[in-house]
Amino acid sequence: MSRSVKNHIFSAVTKLALCLCAAVLGFLLLSIMWQGGRAISLDFILSPARDFGTSGGIVFQILGSLLLVVTAALIVLPIAVGTAIYRECYMQLAQNKARLDTVLYALNAIPSISYGIFGLIFFVNILGTGLSWFVGSLILAMMMLPTLTLASHAAMQALPKSYRENAQALGLSQGEIIRHVILPQSSGGIVTGLMISLARAIGETAPIMFIATAFSGVSLPQSLLEPVASLPTHILALAQQSTDPQALQNAWGASLVLVSFVAAFSALAFYIRQKFSHLGQR
Amino acid sequence: MLQNTHLQIVSDQTETAAISMKNFSAYFGEACILSDVSFDVPSRGVTCLIGPSGAGKSTLLRTLNRINGETQTASFTGEVDVLGKPLIEGYPDVTILRRKVGMVFQSPCVFPRSISENVLFGRRDKKLSKTERRTLVETCLKDAGLWSEVSKRLDKPALNLSLGQQQRLCIARALAMTPDILLLDEPTASVDPVSARVIEDLLTRLSSKMTIVMVTHNIAQTKRVADHVVFLCDGQIVEAGAKTDMFSRRSCDKTRTYLTEEFCDC
Ligand SMILES: Nc1ncnc2c1ncn2[C@@H]1O[C@H](COP(=O)(O)OP(=O)(O)OP(=O)(O)O)[C@@H](O)[C@H]1O
Ligand SMILES: [Mg+2]
């Protein structure tokens, strides 16, 4: 077989793979939009659920989901950025760096249901917190930690060494270098990482279903220790009543809203990365 | 090895050397990069560090403000005095040393901020008023010979400047710290001949106010700007002295060969 024929075949195969990939994504998105679009109205988004979600809307599920992930983000951000700074600026031994990386990758690989079970056993059973959104946020924060730490650290590592050397030569202390060179230069990467981990966290069902969410009859929590409603667990509950067409339709609607949030976070991540890389090059 | 003649040129109050090294040896891990180096850099004037690639010039320069110390494997033995105080014990807070001993690296590195922010980057003291800041920016940029080119766009990103302008901005940034010693590692290596001459003139002017130590591969440049020359080869000092001595018959064969033929077989 001649070389050019091989080349053609190879490029055709890769093209086919790309098309397949795009087709799956497109089919999924289109069906969610098609089915969900029929359920969605302003009323659906703005009114509370009734009759176990088969009628009414999903306003408290939306608010609950946002509350869960935003709190998780607030918890995880300082820990992840702190760890990344420590890894980049203070850790001396290459051995320890490798150990930390192993731990982070291992954390990343833990299935989300394990986090849920851990939360159930440790917080709900042993500490007796009951179903509470704050514990849910804690568990989500734990799940986001490796992703965000690795993203933050990658952003810091990508900075040219000369930045730090020049700042040192100007007599800046380690703390000043972190504050004025490393953090501002890597903030784009950190925020992008945060958005990506938010996009993942908001769709997670397993870690929160046993510990943070109630399926019906909840509005906004009055304290840290009250449960919330959330989109993914709501969809799960509706899908279990799949014989009821009204429940299914509402599940599609809630799915569409959830996917929109994921898309919004991802788009924001993309936008921030663009904006910051532009800032860096001006 | 410095001859007494040029120590007498400088006035009484500056009689002590700005930098003095005695039996200095530097290592990266096991490898000995500089061995048993001893020389003095007199206060004021331009001291040029010359020698073939890999001789250890950058290593020597980077020792003087302890940037090398940031490298894990780096270590040294011997005595180094900077501004009359031992390099390590005399400066428990390394940032104080680095504010007195400014450094400009071979390739310019400006921060992705405005021109005036870059000049003030090392000045973290909150006490400076707005007018003081503006004057400082202006004097430093004028000293660095950059003012006329950038005075209209101080708030514009520094990354838009040409490489030669960025290098002068780096010099201005170092000057803003009002250092007593300025170290420059091949400051004209990445700029065109015209900008190089601008930087040379600037160094000559500055040398009346501070001690300048500069690494260069350019013999003609050494001839133009140096007051003193240190010739380094294979981690050892071949010869050090006033420029006039080094470029005259009085220098040793090895030095003369390097200076005239720019070739070294050491
Ligand atoms: N971080 C380091 N780790 C190990 N060896 C190093 C390190 N930095 C420099 N060296 C070695 O030290 C020796 C001297 O290097 P140095 O950069 O001081 O030479 P130089 O005289 O400045 O050369 P050039 O004129 O090419 O810049 C070289 O052999 C180099 O490989
Ligand atoms: Mg060098």
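Quantities reported herein were computed from a predicted structural model and do not represent experimental measurements. (Residues numbered from 1 in each chain as written. Chains lettered and ligands numbered in written order. Predicted model: local features only at pLDDT ≥ 70, side-chain atom pairs only at ≥ 80, totals over all residues. Heavy atoms only, no water.)

Draft legend 1. Structural context of the overall build of chain B. Counting its regular elements, chain B contains 11 helices and 10 strands. The globule rule puts the C-alpha radius of gyration for 266 residues at 18 Å, and the 18 Å found for chain B is close to it. Seen along its three principal axes, the alpha-carbon backbone of chain B occupies a region of about 55 × 40 × 40 Å. Evaluated residue by residue, chain B yields a buried proportion of 53% over its 266 residues. Summarising the internal contacts of chain B: among those between residues at least 6 apart in sequence, 67% fall at separations of at least 24. By element, 49% of the accessible surface of chain B is carried by carbon and sulfur atoms, the whole surface being about 12,100 Å². Taking the average location of the 33 positive side-chain charges in chain B and that of its 31 negative ones, the two points are 9 Å from each other. (Helix = DSSP H or I, 4+ residues; strand = E, 2+ residues; numbered from the N terminus. Rg over C-alpha atoms; globule rule 2.2 N^0.38 Å. Buried < 20%, exposed > 50% of the residue type's maximum accessible area, 1.4 Å probe, protein only. Contact = heavy atoms within 4.5 Å. Areas by Shrake-Rupley, 256 points an atom, 1.4 Å probe, with all protein chains shown as cover. Lys, Arg positive; Asp, Glu negative; His and termini not counted. Charge placed at Lys NZ, Arg CZ, Asp CG, Glu CD.)

Draft legend 2. Fine view of the domain arrangement of chain A. Residue and element names in this part refer to chain A. Along its sequence, chain A is carved into domain 1 (1-37) and domain 2 (41-281). Using C-alpha coordinates to define each centre, domain 1 is positioned 31 Å away from domain 2. On the domain 2 side, the residues contacting the seven residues of domain 1 number five residues. For the pair domain 1 and domain 2, the two sides together bury roughly 510 Å², of which 85% comes from carbon and sulfur. (Domains from an automatic or database assignment. Buried area = accessible area lost by both parts, 1.4 Å probe.)

Draft legend 3. The sheet that holds strand β9 (residues 228-233) of chain B, seen in detail. All names here are of chain B. Pairing in this open sheet of six strands is mixed, and the strands run β6-β7-β8-β3-β9-β10 from one edge to the other. This sheet does not close on itself; its edge strands, each paired only once, are β6 (101-104) and β10 (236-242). Adjacent strand axes in the sheet meet at a mean angle of 15 degrees, parallel and antiparallel pairs treated alike. Pairing geometry for strand β7 (residues 181-185) and strand β8 (residues 211-215), over five bridges, is parallel. Paired with L183 across the strands is V213, a residue of β8. Helix α2 (residues 57-64) rests against β3 (46-50), β6, β7, β8 and β9 of the sheet, and its axis sits at about 150 degrees to β7. (Pairing = 2+ DSSP bridges. Axes fitted to C-alpha atoms, helices over the stretch in contact; angles between N-to-C directions.)

Draft legend 4. Molecular detail of the pairing of strand β1 (residues 19-28) of chain B. Residue and element names in this part refer to chain B. When β1 meets strand β2 (residues 31-41), the two strands line up antiparallel, connected through seven bridges. Bridging from a neighbouring strand, F24 pairs with V37 of β2. Taken together, β1 and the strand that follows it, β2, pair antiparallel across an intervening segment of two residues, in which G29 is found at a positive phi of about 60 degrees. Looking at chain direction, β1 and strand β4 (residues 74-82) are connected through eight bridges and run antiparallel. When the sheet's bridge partners are listed, S20 is paired in β4 with D81.

Draft legend 5. The arrangement of a nonpolar patch on the surface in detail. A cluster of nonpolar side chains, contributed by I113, I117, F118, I121, F122, I126, L127 and M142 of chain A, occupies part of the molecular surface with about 690 Å² of accessible area. Among the structural elements, L127 of chain A can be located in the loop between α5 (112-126) and α6 (133-157). (Patch = residues over 30% accessible without salt bridge, like charges linked within 9 Å, V, L, I, M, F, W, Y side chains within 5 Å. Salt bridge = Lys/Arg side-chain N within 4 Å of Asp/Glu carboxyl O.)

Draft legend 6. Structural context of the interface of chain A and chain B. With 19 residues of chain A at the interface, the matching set in chain B holds 25 residues. Each partner contributes to the roughly 2,000 Å² buried at the junction of chain A and chain B, and carbon and sulfur atoms together form 58% of this total. Scanning the region where chain A abuts chain B turns up one salt bridge. R62 of chain B is paired through a salt bridge with E165 of chain A; the nearest N and O atoms lie 3.0 Å apart.

Draft legend 7. Spatial organisation of the site of ligand 1. All names here are of chain B. Residues in contact with ligand 1, as listed here, are F28, I33, S53, G54, A55, G56, K57, S58, T59, T71, E186 and H217. Between an oxygen atom of ligand 1 and a side-chain N or O atom of S53, the distance comes to 2.4 Å. E186 has a polar side-chain atom sitting 3.4 Å from an oxygen atom of ligand 1. Out of a free accessible area of 630 Å², ligand 1 has 60% covered by protein chains. By residue number, the principal contributor to the shell around ligand 1 is α2, which donates three residues. (Near = heavy atom within 4 Å. Polar contact = N/O pair within 3.5 Å; in protein donor to acceptor, adjacent residues only side chain to side chain.)

Draft legend 8. Region of the structure containing the side chain of T216 of chain B. Residues and elements named next belong to chain B. Mapping T216 onto the fold places it in the loop between β8 and α9 (219-225). For T216, a relative accessible area of 3% puts it in the buried group. A distance of 2.9 Å separates the side chain of T216 from the backbone nitrogen of N218, its partner in a polar contact. Once residues within four sequence positions are removed from consideration, T216 is found in contact with C48, L49, I50, Q221 and T222.

Draft legend 9. Layout of the environment of S112 of chain A. Residues and elements named next belong to chain A. Note on placement: S112 falls in helix α5. Overall, the relative accessible area of 19% leaves S112 in the buried class. Distance from S112 to I208, taken between C-alpha atoms, is 9.3 Å for residues 96 residues apart in sequence. Ignoring any residue separated from it by four or fewer positions in sequence, one finds S112 in contact with M143, E204, A206 and P207.

Draft legend 10. Inspection of helix α8 (residues 174-202) of chain A at higher detail. With 29 residues, α8 of chain A should reach 42 Å at 1.5 Å per residue; the first-to-last C-alpha distance of 36 Å falls well below that figure. The largest bend in α8 of chain A comes to about 50 degrees, at S187 of chain A. (Expected span 1.5 Å × (residues − 1). Bend = angle between axes of the 7 residues up to and from the residue.)

Draft legend 11. Spotlight on the side chain of H180 of chain A. In this fold, H180 of chain A is placed in helix α8. At 3.4 Å, the side chain of H180 of chain A and the side chain of R124 of chain B are in polar contact. If we skip the residues at most four places from it in the chain, H180 of chain A touches R113, F121 and R124 of chain B.

Draft legend 12. Spotlight on the packing of helix α4 (residues 94-109) of chain A against α6 of chain A. All names here are of chain A. With their axes 8 Å apart at the nearest point, α4 and α6 run at an angle of 135 degrees to one another. In terms of orientation, α4 lies oblique with respect to α6. Crossing hand, α4 versus α6: left-handed. For the pair formed by α4 and α6, the contact residues are L104, Y105, L107 and N108 on the first element and P146, T147, T149 and L150 on the second. Looking at the contact of α4 with α6, its residues break down into five nonpolar, three polar and no charged. (Parallel < 35°, antiparallel > 145°, perpendicular 65-115°, else oblique. Left-handed = near helix turned anticlockwise from the far one by under 90°. Nonpolar A, V, L, I, M, F, W, Y, C, P; charged D, E, K, R; others polar.)

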